[in-house]
Amino acid sequence: AGLWTGDQSILAPGRRFLENNPEVKSGLVISFHQGPYNLLAEPFLAAGLNPVILLNPSAKENFIESTAKLNKRLDHRGEVEWITVGEPGFVRRLFKVIKDGRPVLAYLDGNNGIDGMDGTRKNGMTYSLPGRDIRVRTGLARLICRLQCPVHPVALHWSEGRELIWEKKPSQNWNRKDDPKQVTQLLYDWIFSEVMTRPEQW
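Sequence order as written defines residue numbering, which begins from 1 separately in each chain. For a predicted model such as this one, the threshold for reporting local features is a pLDDT of at least 70, and the threshold for listing and counting side-chain atom pairs is 80 or more; totals across whole chains, interfaces and linings nevertheless cover every residue. Calculation of side-chain values draws on the structure's entire complement of heavy atoms; hydrogens and water are dropped beforehand.

Two elements in contact, helix α6 (residues 139-147) and helix α7 (residues 180-197), have axes separated by 8 Å at closest approach and are oriented at 115 degrees. What the angle tells us is that α6 and α7 run roughly perpendicular. Two packed elements cross with a definite hand, and for α6 against α7 that hand is right-handed. Listed contacts from α7 to Ala141, Arg142, Ile144 and Cys145 of α6 are Pro180, Val183, Thr184 and Leu187. Three categories are distinguished: nonpolar for Ala, Val, Leu, Ile, Met, Phe, Trp, Tyr, Cys and Pro, charged for Asp, Glu, Lys and Arg, and polar for the others, with Gly belonging to the last. Tallied by class, the residues present in the contact of α6 with α7 amount to 6 nonpolar, 1 polar and 1 charged. Axis lines are fitted to C-alpha atoms, over the contacting stretch for helices. Their N-to-C directions set the angle, which ranges from 0 to 180 degrees. Only runs of H or I of at least four residues qualify as helices and only runs of E of at least two qualify as strands under DSSP, and these elements are numbered from the N terminus. Here the word oblique covers every angle except those under 35 degrees (roughly parallel), over 145 (roughly antiparallel) and from 65 to 115 (roughly perpendicular). Handedness of a crossing follows from how the near helix is turned relative to the far one, being left-handed for an anticlockwise turn of less than a right angle and right-handed for a clockwise one. Contact criterion: two residues are considered in contact whenever any of their non-hydrogen atoms come within 4.5 Å of each other.

Our focus in this paragraph is the side chain of Asn71. With respect to the helices and strands, the residue Asn71 is situated in helix α3 (residues 57-73). In protein, a polar contact means a hydrogen-donor-capable atom and an acceptor-capable atom, both N or O and within 3.5 Å, with residues adjacent in sequence counting only if both atoms are side-chain atoms; elsewhere, any N or O pair within 3.5 Å suffices. One polar contact links Asn71 to His76, side chain to side chain, over a distance of 2.5 Å. Ignoring anything within four residues of it in the chain, the contact list for Asn71 reads Leu45, His76, Gly78 and Glu79.

This part covers the packing of helix α4 (residues 90-99) against α6. At a minimum axis separation of 11 Å, α4 and α6 run at an interaxial angle of 50 degrees. The angle between the axes of α4 and α6 places the two elements in the oblique class. Note on packing geometry: the crossing formed by α4 with α6 is right-handed. In this structure, α4 contributes Val91, Leu94, Phe95 and Ile98 to the contact, and α6 contributes Leu143, Arg146 and Leu147.

Basic side-chain nitrogens of Lys or Arg form a salt bridge, by our definition, when they fall within 4 Å of a carboxyl oxygen of Asp or Glu. Evaluated as defined, the whole model comprises 8 salt bridges. Ionic pairing is found between Arg15 and Glu42, a salt bridge with its closest N-O pair at 2.6 Å. Of the two residues, Arg15 is situated in helix α1 (residues 12-20) and Glu42 in helix α2 (residues 42-46); the sequence distance between them amounts to 27 residues. The shortest N-O distance in the salt bridge between Lys168 and Glu23 comes to 3.4 Å.

Before going further, it helps to examine the packing of aromatic side chains. Only the six-membered ring of Trp is used, alongside the rings of Phe and Tyr, when aromatic pairs are assigned; centres must lie within 6.5 Å, and planes under 30 degrees apart are stacked while those over 60 apart are edge-to-face, with the rest tilted. Taken as a whole and assessed by the stated rule, the structure comprises 7 aromatic pairs. Note on Phe32 and Trp190: the rings are 5.4 Å apart at their centroids and 90 degrees apart in plane angle, and the pair reads as edge-to-face. Here Phe32 is found in the loop between β1 (27-31) and α2, whereas its partner Trp190 is found in helix α7, with 158 residues between them in sequence. Each member of the pair Phe32 and Trp190 is classed as buried. With a centroid separation of 5.7 Å and 75 degrees between ring planes, the pair formed by Phe192 and Trp202 is classed as edge-to-face. Taken together, the positions of Phe192 in helix α7 and Trp202 in the segment after α7 put the pair 10 residues apart, joining distant regions of the chain. A network of ring pairs unites the aromatic residues Tyr127, Tyr188, Phe192 and Trp202 as a single cluster. Above the plane of the ring of Trp158 lies Arg162, whose end atom (NZ or CZ) is 5.0 Å from the centre. Only protein chains enter the accessibility calculation, which uses a 1.4 Å probe; a residue is then buried when its area is under 20% of its type maximum, exposed when over 50%, and partly exposed in between. Consider the ring centre and the ring normal. A charge sits over the ring if Lys NZ or Arg CZ is within 6 Å of that centre and within 35 degrees of that normal.

This part is about the nonpolar core. Working definition of a nonpolar core: buried Ala, Val, Leu, Ile, Met, Phe, Trp, Tyr and Cys residues. They are joined through side-chain atoms within 4.5 Å. Judged by nonpolar contacts, the single largest core of 36 residues is most densely connected at Ile30, Leu54, Leu94, Val104, Leu140 and Ile144. Of all elements in the fold, only β1, β2 (52-55), α4, β4 (103-107), β5 (125-129), α6, β7 (150-158) and α7 reach the threshold of two or more residues within this core. The biggest single contributor to this core is α7, with 7 residues. Residue contacts for Val104: discarding those within four places in its chain leaves Gly27, Leu28, Val29, Val52, Leu54, Leu94, Val97 and Ile98.

What follows is the structure, encoded as C-alpha cells:
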C-alpha cells in the first residue's frame, strides 16, 4: 500500500543489500516464498539491471501484469525478463544470460517443474522433515550443476519490529561433477532452517 502511495522506505533495505553484496548482480540468486519475497527483484531493477526470473508458466501468468505495473510506477531503469521452465530453448537462454553476467532469480519452493506436483510425488527426491518425509524436485539443482555459475542463497523476512531484513548465505559454486541430489539436500536444509525459525512467514 505504501508503494502505491509513493512511500518507498520499504525498498531501502534491499537497495543497501545490493550495494553491500555486489556479487549477486550476476549468477543465480536462490530464494523462497517467505515474508516479502516478492520484493526480491526490486533492487536489481532500481539499479538498472535486467534480472531474469525463472518460474513455471502458471506463475508467470499471475505475476507478469502486476510486476509491469509496479515497475512503471516506481520508474525503474531495469526490466524483468521471464524464462519459464520447460519452454523450448529455456536452458540455452539461461546459459546466455549467465554468460552475459546478468542475474537469474529463482524460488526453490515455487517451481512445479514440467510434470507438476503429481510428478514430484511420484518421482521426487525424498526429504526428511521432523515427523514426516516429503518429496522435493531436483530439477533446479540439476540446472545449477549444468550452469556452473555462482549460486547466492538470499532470504527476506520481517523482524519482530516489522523491519524488512535481507540475508545472504555464503555463495556456492557447483559444477557437473556434483551430485544434484546432494545439492538439493543442501538447498532445502537452508530453506527449512529458515522456515523453522519463522514458520508464520512461509
